[in-house]
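Descriptive analysis of the structure
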Amino acid sequence: MRTAFFGTSKHSRPILEALKNEFDLSLCVTKSDRIVGRSQKREPTKVKKWSRENKIKIFEVDNFKNKEEDLLEALTEQRVDLIIVADFGFIITDRIINAYQGKIVNIHFSLLPKYRGANPVQAAILNGDSITGITYLLMSKEMDAGDILHQIKHPLEGSETTESLYKDLFKIAAQNIPKVIKGYIGGEIEPKKQNPKDATYHFSPSHPKSTYVYKEDARIDWTEDPQNIDRKIRAFYPWPIAWTTLEELEKNSDNRLSEKIKLRENVNKDTTIKIYEAVLEKHGLSPTQVQVAGKSKIGWAEFKNGYCVNQ
RNA sequence: CGCGGGGUGGAGGAGUGGUACCUCGUCAGGCUCAUAAUCUGAAGGCCUCGGUUCGAAUCCGAGCCCCGCAA
């Protein structure tokens with residue numbers, strides 16, 4: 001059997017290796033090189049780099065619609081029997097779904113029908129869920145609504161970041177790929193319908209119709225309790241990173257942070273500060289990694305040394 | 001030449017032409033049964049090259065490096 005992988009995530013590697021080892025991976029479809037960095041450098045995705053190293057044919061997309069024809073051609077040319085999709089970043093068009101009816105397996109990082117959409121991992125962290133998971137499902141025209149092949153539960157302990165959880169889930173997803181694909185192809189796995197009534201979506205507060213993550217949502221709302229702020233910090237790591245202003249940080253340190261801070265006289269209180277990491281303690285939140293606008297990332301102790309007066 | 005911010009002892013920061021300062025750390029000594037506590041003292045610095053000036057961390061030019069923006 002020949003397979004193709006559709007994906008863009010930097011965590012894709014375990015899945016790529018699983019497919020290569022067991023299912024004759026013959027085509028990788030990924031986002032084309034993005035302009036990134038300060039001098040307009042083009043950086044290939046990790047999927048592309050891996051594919052190049054492993055001599056797997058690569059098909060790049062940026063605007064899906066223009067490439068539909070070419071992609072179908074490439075899939076035919078490679079005699080692809082089964083497509084695996086994980087965190088692709090594009091909506092797969094109806095034509096391709098029709099052409100590969102029942103032959104596109106999507107790996108979604110939630111226990112569907114909960115958290116359909118683009119941000120299942122962030123949603124589970126933001127809502128403080130104690131369990132999330134992975135769903136293998138067949139691609140359908142409606143997003144994340146296809147029949148379910150298999151689900152794996154994954155408990156959350158409350159310290160995960162989007163980064164760490166993605167990494168873990170990709171790994172688990174890869175470990176179970178052989179079992180699920182063989183089961184499906186062999187006919188032992190019966191696809192099960194989702195109950196649409198149970199479907200949930202986590203919409204962006206700033207874009208109520210979208211499940212993408214927007215940087216506008218990353219500003220810390222200090223009226224929330226420390227637990228929710230902590231969830232936000234973890235959900236928005238590694239992007240877009242929860243932030244606030246120095247003024248608000250000082251003002252709310254009293255009842256939201258584990259210690260009260262006082263800024264020095266000469267610091268500009270309008271400056272923004274990103275909170276990369278924090279630990280939730282019983283008296284409040286205790287940041288560990290922060291970054292003041294225009295500066296490098298520093299530890300909390302260094303921040304206090306430079307910007308605050310000793311209490 | 002995509003846009004913007006920045007480079008000050010070991011760390012993080014003040015300092016817009018006139019003796020380089022603050023918090024932390026380091027070292028020595030004191031106090032202490034003891035200490036990450038406390039006291040006294042010390043070492044150590046303006047990214048590089050050039051320019052302006054009586055005088056440059058500060059102004060000008062070139063270079064190197066770091067950070068943010070693109071979802």
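Everything discussed here concerns the structure shown above.
Attention in this report is confined to the structure presented alongside it. (Residues numbered from 1 in each chain as written. Chains lettered and ligands numbered in written order. Predicted model: local features only at pLDDT ≥ 70, side-chain atom pairs only at ≥ 80, totals over all residues. Heavy atoms only, no water.)

One pass over the full model with this rule turns up nine aromatic pairs. Aromatic side chains tyrosine 201 and phenylalanine 203 sit 5.8 Å apart centroid to centroid with 20° between the ring planes, which places their arrangement in the stacked category. Relative accessible area serves as the criterion here: at 35%, tyrosine 201 is assigned to the partly exposed category. Given a relative accessible area of 39%, phenylalanine 203 falls into the partly exposed group. Where phenylalanine 303 meets tyrosine 307, the ring centres are 5.0 Å apart and the plane angle is 20°; that geometry is what we call stacked. Here tyrosine 307 and phenylalanine 303 lie together in helix 9 (residues 300–307), a separation of four residues that amounts to about one turn. Here the two residues phenylalanine 303 and tyrosine 307 agree in accessibility, since each one is buried. Between lysine 67 and the ring centre of phenylalanine 59, over which it is positioned, the NZ or CZ distance is 5.5 Å. (Phe/Tyr/Trp six-rings, centres within 6.5 Å; stacked < 30°, edge-to-face > 60°. Buried < 20%, exposed > 50% of the residue type's maximum accessible area, 1.4 Å probe, protein only. Helix = DSSP H or I, 4+ residues; strand = E, 2+ residues; numbered from the N terminus. Lys NZ or Arg CZ within 6 Å of the ring centre and 35° of its normal.)

With 14 residues, helix 3 (residues 64–77) should reach 20 Å at 1.5 Å per residue; the first-to-last C-alpha distance of 19 Å fits that figure. Taken together, the buried positions of helix 3 are Phe64, Glu68, Leu71, Leu72, Ala74 and Leu75. Packed against the buried residues of helix 3 are strand 1 (3–7), strand 2 (25–31), strand 5 (57–61), strand 6 (82–86) and helix 4 (94–99). One or two residues past the end of helix 3 sits arginine 79, with phi positive at roughly 50°. (Expected span 1.5 Å × (residues − 1). Contact = heavy atoms within 4.5 Å.)

Take the pattern of salt bridges next. If you walk through the whole model with that rule in mind, you get 15 salt bridges. Arginine 2 is paired through a salt bridge with aspartate 24; the nearest N and O atoms lie 3.4 Å apart. A residue pair is termed long-range when its members are at least 10 positions apart, and arginine 2 in the segment before strand 1 and aspartate 24 in the loop between helix 1 (13–22) and strand 2 qualify at 22 residues. By relative accessible area, arginine 2 is classed as buried at 19%. Where aspartate 129 meets lysine 114, a salt bridge forms, and the shortest distance between an N and an O atom there is 3.5 Å. Taken together, the positions of aspartate 129 in the loop between helix 5 (120–126) and strand 8 (131–138) and lysine 114 in the loop between strand 7 (104–108) and helix 5 put the pair 15 residues apart, joining distant regions of the chain. We classify lysine 114 as partly exposed; its relative accessible area is 37%. What emerges from the salt-bridge pattern is a single network uniting Asp33, Lys48 and Glu60. (Salt bridge = Lys/Arg side-chain N within 4 Å of Asp/Glu carboxyl O.)

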